[in-house]
Amino acid sequence: LKVLGIQRTGTVYLLSKEIEKLERASVDAVTFIEHSPYCFGKILDYLRLKQLQSRGLSKEPPLPKVCDMQKSRFEKVVRYYFPGDSAKFILG
């Protein structure tokens, strides 16, 4: 233990207890990553068009048009993958 720099008695025990607490806390924390082909298709199409426009190969593309049923999901996906002001780049 001295090789690890641990000199006080009980330090390993305290560390193991804290690790157990973190493990228990993270068991219930599930991160759902949206992978809607429709939403990703709209995002990728727009980004491809923006790339062509940046090279002077096309005009400014319109913002993605999303059907009403997918609008909420699309906005959620964009805000997740493009946090903060960068979401405005795709959402307008």
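Residues numbered from 1 in each chain as written. Predicted model: local features only at pLDDT ≥ 70, side-chain atom pairs only at ≥ 80, totals over all residues. Heavy atoms only, no water.

Q: What's the story with the nonpolar core in this structure? I'm lost.
A: One broad trend across soluble globular proteins is that nonpolar side chains are buried collectively. Formed by C39, I43, Y46, V66, F74, V77, V78, A87 and I90, the largest nonpolar core amounts to nine residues. Of all the secondary-structure elements, those providing two or more residues to this core are α2 (37-54) and α3 (71-81). Setting aside anything within four residues of it in sequence, one finds F74 in contact with C39, K42, I43, P64, V66, I90 and L91. (Core = buried A, V, L, I, M, F, W, Y, C linked by side-chain atoms within 4.5 Å. Buried < 20%, exposed > 50% of the residue type's maximum accessible area, 1.4 Å probe, protein only. Helix = DSSP H or I, 4+ residues; strand = E, 2+ residues; numbered from the N terminus. Contact = heavy atoms within 4.5 Å.)

Q: How do you make sense of α2 when you look at a structure like this?
A: Residues spaced three or four apart along an α-helix face the same direction, because each turn holds 3.6 residues. An ideal rise of 1.5 Å per residue puts 26 Å on 18 residues; α2 measures up with 25 Å between its terminal C-alpha atoms. Among all positions in α2, only C39, I43, Y46 and K50 are buried. The buried residues of α2 occupy an angular sector of 65 degrees when the element is viewed end-on, so they sit on one face. Those residues of α2 that are exposed and angled more than 90 degrees off the buried face are P37 and R48. On its buried face, α2 sits against α3 and α4 (88-91). (Expected span 1.5 Å × (residues − 1). Arc of directions from axis to C-beta.)

Q: What should I look at first to understand the confidence of the model for the protein chain in this one?
A: Close inspection of predicted coordinates is inappropriate in any region flagged by low pLDDT. Counting all residues, the mean pLDDT for the protein chain is 87, and 89% of those residues have values of 70 or more. Within the protein chain, no element has a lower average pLDDT than helix α1 (residues 11-27), which sits at 81, and none a higher one than α2, at 95. (pLDDT = per-residue confidence, 0-100.)

Q: Where do I start with the pattern of salt bridges in this structure?
A: Pairing between side chains of opposite charge can happen when the charged atoms of each approach one another. The full count for this structure, using the stated rule, is six salt bridges. As a salt-bridge pair, E20 and K17 come within 3.7 Å of each other at their nearest N and O atoms. With E20 and K17 both in helix α1 and three residues apart, this pair spans about one turn of that helix. The partner of E75 in a salt bridge is R79, and the shortest N-O contact between them spans 3.8 Å. Here E75 pairs with R79, and both are found in helix α3, just four residues apart, close to one helical turn. (Salt bridge = Lys/Arg side-chain N within 4 Å of Asp/Glu carboxyl O.)

Q: Is there a simple way to explain the packing of aromatic side chains in this structure?
A: Given two aromatic rings, their pairing is described by the distance between the two centres and the angle made by the two planes. Within the structure shown, the criterion is met by three aromatic pairs. Judged by centre distance (5.8 Å) and plane angle (65 degrees), the ring pair of Y46 and F89 falls under edge-to-face. Taken together, the positions of Y46 in helix α2 and F89 in helix α4 put the pair 43 residues apart, joining distant regions of the chain. Exposure remark for Y46: the relative accessible area of 4% places this residue in the buried category. Ring geometry for Y80 versus Y81: centroids 4.8 Å apart, planes at 85 degrees, classification edge-to-face. The partly exposed category is assigned to Y81, whose relative accessible area is 33%. By the ring-pair criterion, three or more aromatic residues cluster together here, those being F40, Y80 and Y81. (Phe/Tyr/Trp six-rings, centres within 6.5 Å; stacked < 30°, edge-to-face > 60°.)

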